[in-house]
Amino acid sequence: MYTEKKIGIFVNGLAGKSKALKVLESIATFLKEKNILHAVYINAWPKIYDDISEAWIVGGDGTLNYFINYFPDIKIPLVLFKGGTGNDFAWKLYGDISLAEQLELVLKAEAKPVDAARCNDALFINGVGIGFDGEVLESINTIRLFGGHLGYLMIVLKKIFTFKEYFFKIKSDVFSGSDKYLLLMISNSSRTGGGFHVSPLASITDGLLNLITCEKLSIIKRLRYLPVIEKGKHLQLPFIKHVTGKSFVIECEQELPAQLDGELIRAKTFNIEIQAGLFLFKY
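Residues numbered from 1 in each chain as written. Predicted model: local features only at pLDDT ≥ 70, side-chain atom pairs only at ≥ 80, totals over all residues. Heavy atoms only, no water.

### Comments concerning helix α1 (residues 19-33)
Structural remark: α-helix, 3.6 residues per turn; residues separated by three or four positions point the same way. Note the following rule: Helical segments are the DSSP runs of H or I of at least four residues, strand segments are the runs of E of at least two, and each set is numbered from the N terminus. Helices are assigned an expected span. That span is 1.5 Å times one less than the residue count. Residue contacts are defined here by distance: any two heavy atoms, one from each residue, within 4.5 Å place the two residues in contact.
In this model, α1 (15 residues) spans 22 Å end to end at C-alpha, consistent with the 21 Å of a helix rising 1.5 Å per residue. On its buried side, α1 packs onto β1 (6-11), β2 (38-42), β3 (52-59), β4 (78-82) and α4 (99-108). Note on α1: the residue one or two positions beyond its end, Asn-35, has a positive phi of about 60°.

### Quick notes on the environment of Gly-62
Topologically, Gly-62 is positioned in helix α2 (residues 61-70). Taking the C-alpha atoms as reference, Gly-62 lies 25 Å from Leu-107; in sequence the two are 45 residues apart. Setting aside chain neighbours within four positions, we find Gly-62 in contact with Asp-261 and Glu-263.

### Re unusual backbone geometry
Excluding glycine, residues mostly carry a negative phi; peptide bonds, for their part, are mostly trans. How we decide: Burial classes follow relative accessibility: with a 1.4 Å probe on protein chains only, a residue under 20% of its type's maximum area counts as buried, one over 50% as exposed, and anything between as partly exposed.
Here the phi dihedral of Asn-120 falls at roughly 55°; this positive angle occurs in a residue that is not glycine. Secondary-structure assignment places Asn-120 in the loop between β5 (111-119) and β6 (122-124). Note on Asn-120: relative accessible area 31%, which makes it partly exposed. Positive phi outside glycine occurs at Asp-261, with the angle close to 55°.

### Brief notes about the pattern of salt bridges
The line we're drawing: For this document, the term salt bridge refers to a Lys or Arg side-chain nitrogen within 4 Å of an Asp or Glu carboxyl oxygen.
Tallying each qualifying case throughout the model produces eight salt bridges. For Lys-282, the salt bridge goes to Glu-54, with nearest N and O atoms at 2.9 Å. Within this pair, whereas Lys-282 is found in strand β13 (residues 263-282), its partner Glu-54 is found in strand β3, the two being separated by 228 residues in sequence. No difference in accessibility class separates Lys-282 from Glu-54, as the two residues are buried.

### A few points about α4
The following threshold applies: It is the directions from the helix axis to the C-beta atoms that the arc portrays.
By the burial criterion, the buried members of α4 are Gln-102, Leu-103, Val-106 and Leu-107. Projection of α4 onto a plane perpendicular to its axis shows the buried side chains occupying an angular sector of 130°, all on one side. More than 90 degrees from the buried face of α4, the exposed residues found are Ala-100 and Lys-108. Close packing links the buried residues of α4 with α1, β3, β4, α3 (88-94) and β13.

### Thoughts on a nonpolar patch on the surface
Definition in use: Patches draw on residues past 30% relative accessible area with no salt bridge. Two like charges within 9 Å are joined, as are two nonpolar side chains (Val, Leu, Ile, Met, Phe, Trp, Tyr) within 5 Å. Computed by Shrake-Rupley with a 1.4 Å probe, the accessible areas treat only the displayed protein chains as cover when residues are assessed.
There is a patch of nonpolar side chains on the surface, built from Leu-157, Phe-161, Ile-219 and Leu-223 and spanning about 330 Å² of accessible area. At the level of secondary structure, the elements contributing two or more residues to the nonpolar patch comprise α7 (148-162) and α8 (219-230). With respect to the secondary-structure elements, Phe-161 resides in helix α7.

### Here's the deal with the packing of aromatic side chains
Our working definition: Each pair of aromatic rings taken from Phe, Tyr and Trp, with Trp reduced to its six-membered ring, is defined by centres within 6.5 Å and is described as stacked if the planes are under 30 degrees apart, edge-to-face if over 60, and tilted in the remaining cases.
Counted by the stated rule, this structure contains 17 aromatic pairs. Between the aromatic rings of Phe-163 and Tyr-166, the centroid separation amounts to 5.6 Å while the plane-to-plane angle is 75°, which identifies the pairing as edge-to-face. Both residues of the pair, Phe-163 and Tyr-166, count as buried. Here Tyr-225 and Phe-239 contribute two aromatic rings whose centre-to-centre distance is 5.0 Å and whose plane-to-plane angle is 65°, an arrangement assigned as edge-to-face.

### Let's talk about the pairing of β13
Moving residue by residue along a regular strand, the side chains alternate between the two faces of the sheet. Convention followed: Each pair of strands is called paired provided DSSP finds at least two bridges between the two strands.
Inspection of the sheet shows β5 paired to β13 by eight bridges, in the antiparallel sense. Directly across from Val-114, in β13, lies its bridge partner Phe-279. The sheet contact formed by strand β12 (residues 247-260) and β13 spans 10 bridges and is antiparallel. Bridging across to β13, Leu-260 finds its partner in Glu-263.

### Considerations on the nonpolar core
Heads up, the condition is: We define a nonpolar core as any set of buried Ala, Val, Leu, Ile, Met, Phe, Trp, Tyr and Cys residues linked to one another through side-chain atoms lying within 4.5 Å.
Counting 49 residues, the largest nonpolar core has Ile-130, Phe-168, Ile-250 and Phe-270 as its most contacted members. The contacts of Phe-270, once residues within four sequence positions are left out, are Cys-119, Asn-120, Ile-130, Phe-248, Val-249, Ile-250, Cys-252, Leu-256, Ala-258 and Ile-265.

### Concerning the packing of α1 against α4
So the rule is basically this: Angles shown run from 0 to 180 degrees and are taken between the N-to-C directions of axes, each axis being a line fitted to C-alpha atoms and, for helices, limited to the stretch in contact. Geometric relationships in this document are graded by angle, where less than 35 degrees denotes roughly parallel, more than 145 denotes roughly antiparallel, 65 to 115 denotes roughly perpendicular, and other angles denote oblique. Left-handed describes a crossing whose near helix is turned anticlockwise from the far helix by less than a right angle; the clockwise case is right-handed. Residues are grouped as follows: Ala, Val, Leu, Ile, Met, Phe, Trp, Tyr, Cys and Pro are nonpolar; Asp, Glu, Lys and Arg are charged; every other residue, Gly included, is polar.
With their axes 11 Å apart at the nearest point, α1 and α4 run at an angle of 50° to one another. Viewed along their axes, α1 and α4 adopt a mutual orientation that is oblique. Here α1 runs over α4; the crossing is right-handed. Packed against α1, whose contacting residues are Val-23, Ser-26, Ile-27 and Phe-30, the element α4 presents Leu-99, Leu-103, Glu-104 and Leu-107 at the interface. Here the contact of α1 with α4 is built from residues that sort into six nonpolar, one polar and one charged.

This is the structure:
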C-alpha cells in the first residue's frame, strides 16, 4: 500500500460548474488502480483527520481558501487539483500540466513549505485586492456564468468605464504612503482572475508579500494598459508601485469590498501579515 493511512479528498461539489466532480472521478479511478486507500468528502467535511496522511483538495481558489480557514493548523501534506473557475494558485504550483501528469507527480513529490498570509481574521494564500477587485467580485455570478478568465475580463472591462478611485493610507514595515489608487493588491502568489499576472515576481516561498498599486488613470489609459497588466509586463510603468514586505495596514475612508482568494469580504481597515511556510504542499 502507498500508506498505512488514507488520502482524504476534499471536494467542493459546486466548483467550476461541477467540474470538480468530474476531476474527482478521474482521481478516484487513478487511486483505485494504484490500490491506494482514500476517502472522499464532498461539501460536508470532517473536523478530525487523524486517519488521513494527505489532504487532496479539488476546487478553485475559493475552495482552497475555505479549506485553509477550515483547517488553519493542518500540518499534513496538501495537494490542489484544478476544479474551479480561476485555479490561479493551482497554476502557480503545477503550471499547465495535465491531470494525469499531476497525479503521477504528487505521488512522488516531497512536501515543501508554502507561505500564506492573514488578512484581519482570515487566512489567504493567493492575494487580496481592495476596491476595484472587490467591486469586480461583486459580479461573481457573471464570472461564474462565463468561466473564470472570460467572466473576470468582462467585468473588468465594464469597471474600466465606471470605477472611481478610492483613497487609501498604506503603512508597512517597508513603505508608507497615501493616495487615490485604481488598483491596490497585496499578493502572495503571482496570478489572479483566472490568468491576470498582476504580481509576476511574487514567490510563495520567500516569506514576503507583494504590494502592487496603480495610480489614477484615464479611461483611455486603463484600456491601453489592461493587456499589459494581464501579461505581467507592467511593473516598470511610472504609475505602478511594487514593494515587498512582511506586513501591511491598509486604511480606507469607508468600508470597501475586497476579494480574498476570490472570496468577497468587506472592511474599512485591512491588517495583512505574512505567515511564512504555514502549509505543506506536494508539487
